Number of protein chains: 2
Amino acid sequence: MTDLEQRLGYAFRDPALLSRALTHRSHGAEHNERLEFVGDAVLNCVVAAALFRRFPQLPEGDLSRIRANLVNRDCLLQRAQDLGMAGLVRLGEGELRSGGASRPSILSDATEAVFGAVFLDGGFESARVVIEQCYAEAIQAVDPGVSGKDPKTRLQEWLQAKGMPVPEYGITAVDGEAHKQSFTVSCRIKALGRETTGHGASRRIAEQEAARAALAELVP
Amino acid sequence: MTDLEQRLGYAFRDPALLSRALTHRSHGAEHNERLEFVGDAVLNCVVAAALFRRFPQLPEGDLSRIRANLVNRDCLLQRAQDLGMAGLVRLGEGELRSGGASRPSILSDATEAVFGAVFLDGGFESARVVIEQCYAEAIQAVDPGVSGKDPKTRLQEWLQAKGMPVPEYGITAVDGEAHKQSFTVSCRIKALGRETTGHGASRRIAEQEAARAALAELVP
């Protein structure tokens, strides 16, 4: 068994499948993109079933939101790090030189491809066991009222639960040249006499950052 | 076994799951939306794996496009009709009076919920067998060069394969009041001296209809 197989808790019958899952398209024709397609579908299915069982009262919309938060690139990248994928993906020389070995998209895609390879090699049950183990902590940590909600939504819900009006957002500065502007936005919560600030490459991002700062001050 | 179970080729251990899959939210609190969430995920996974095996040479992008075409509402509605779902979904009285029993969204959602119920009742293999049987003809009929491509794309590819320039689209009429306009668009293929017409509630729809008319004339 390779180190990765030990961390997965799964030994491949066909090691060529695992090898292919770890081959980026920059390396050659036998790359992992078709396996990633399968892996993405298996991952979504396993996580959907796990959330269905874990949260018997949650409506479909909440399950969808929570799943989206668990299968997005950031969360997959954490799985990739847990599995020690960083040194294992085979890349073309150009991609290697430009830092591909630690590129988030390459690592998260390869992780999905590994899940797909386990499914094709050992069937759904094998994939379920591997994925549920990889995701055990993340699923355990899900807070159904919060997971996958953006900071503006969370701040608004927190204020409304306390009977307070929604915050006011406003642009206070726009810097930089036209093609690369930086926005500064304030988030004012009159009822509490608070004001926080956020920066970002778009008004939307800056508003989220300002809301995140407010949450950090207000919510224990 | 109920008639539906016979058509599915699957007998439920827990008939309450099937009953719930056939209950629309207008009927009461014990409705099928959470089962639909699971069923959607299972369906996507089974179809992904079937296409992966059926088309060993197709790149990931083509597999995605073909799958999207197989799991969309229209294709699900055909499965619902094959399964005779129309009289089986339990609806609230208001929904029943307004024609809900034959509403495409209600029937396709309930079909996904039934797939989810089979998965939860009998496991992935049971769901795979049921779904692959329901989709056997549709998957058999997939033409990888065409399935899921819109008419404009297909027309352009057909012309380019013959070394001809792309068609020219132009609005020839806009009718109706501002909030409910109807667009007429012409699709001109100069190299062939052909011109077809399409109508629709947006320019985009009218262009697709004009391209569809051209394909109908040109492609055997």
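(A) Inspection of the overall build of chain A at higher detail. Within chain A, the secondary structure is distributed over 11 helices and 3 strands. Ordered by position from the N terminus, the helices and strands of chain A form the series α-α-α-α-α-α-α-α-α-α-β-β-β-α. Seen along its three principal axes, the alpha-carbon backbone of chain A occupies a region of about 65 × 50 × 25 Å. A separation threshold of at least 6 residues defines the contact pool for chain A, and within that pool the share at least 24 residues apart is 56%.

(B) Layout of the domain arrangement of chain A. Domain parsing of chain A yields domain 1 (3-140) and domain 2 (151-218). For domain 1 of chain A versus domain 2 of chain A, the distance between C-alpha centres works out to 34 Å.

(C) Quick peek at the environment of Arg20 of chain B. Following the sequence through the fold, Arg20 of chain B ends up in helix H2 (residues 15-21). Sequence separation between Arg20 of chain B and Glu137 of chain B is 117 residues, and the spatial gap between their C-alpha atoms is 28 Å.

(D) Spotlight on the interface of chain A and chain B. Each partner contributes to the interface: chain A provides 17 residues, whereas chain B provides 17 residues. Broken down by secondary-structure element, the contributors of at least two residues to the side of chain A that touches chain B are helix H3 (33-54) and helix H4 (60-71) of chain A. Take the side of chain A that touches chain B: its biggest share by element is 12 residues, from H3 of chain A. Within the side of chain A that touches chain B, the residues separate by chemical class into 11 nonpolar, 2 polar and 4 charged.

(E) Spotlight on the pairing of strand S3 (residues 194-200) of chain B. Residue and element names in this part refer to chain B. Of the strand pairs in this sheet, strand S2 (residues 182-189) and S3 are connected by 7 bridges, and their pairing is antiparallel. When the sheet's bridge partners are listed, Thr184 is paired in S3 with His199. Counting the residues between successive antiparallel strands, the hairpin from S2 to S3 contains 4 residues, one of them, Gly193, with a positive phi of roughly 60 degrees.

(F) Representation of helix H11 (residues 203-218) of chain A. All names here are of chain A. A rise of 1.5 Å per residue sets the reference length of H11, with its 16 residues, at 22 Å; its end C-alpha atoms lie 22 Å apart and thus fit the reference within 8%. Regarding H11, the residues found buried are Ala206, Glu207, Gln208, Glu209, Ala210, Ala211 and Ala214. On its buried face, H11 sits against helix H10 (151-161), strand S1 (168-175), strand S2 (182-189) and strand S3 (194-200).

(G) Main features of the relation of the copies chain A and chain B. Aligned on chain B, chain A shows an RMSD of 0.1 Å; the corresponding rotation is 180 degrees and the shift along the axis is 0.0 Å. Viewed as a symmetry operation, the transformation between the two copies matches a two-fold axis. Most of the interface of chain A is mirrored in chain B, where 100% of its interface residues are also at the interface.

(H) Region of interest: the sheet that holds S2 of chain B. Residue and element names in this part refer to chain B. Spatial ordering of the open sheet is given by S1-S2-S3, a layout of 3 strands whose pairing is antiparallel. The open sheet has two edge strands with one neighbour each: strand S1 (168-175) and S3. For this sheet, the mean angle separating the axes of adjacent strands, direction not counted, is 20 degrees. Alignment of S1 against S2, held across 7 bridges, turns out to be antiparallel.

What counts, and where the lines are drawn
Residues numbered from 1 in each chain as written. Chains lettered and ligands numbered in written order. Predicted model: local features only at pLDDT ≥ 70, side-chain atom pairs only at ≥ 80, totals over all residues. Helix = DSSP H or I, 4+ residues; strand = E, 2+ residues; numbered from the N terminus. Contact = placed C-beta atoms within 7 Å. Domains from an automatic or database assignment. Nonpolar A, V, L, I, M, F, W, Y, C, P; charged D, E, K, R; others polar. Pairing = 2+ DSSP bridges. Expected span 1.5 Å × (residues − 1). Buried ≥ 20, exposed ≤ 12 C-beta atoms within 10 Å, placed from the backbone. Least-squares fit on C-alpha atoms with pLDDT ≥ 70 in both. Axes fitted to C-alpha atoms, helices over the stretch in contact; angles between N-to-C directions.

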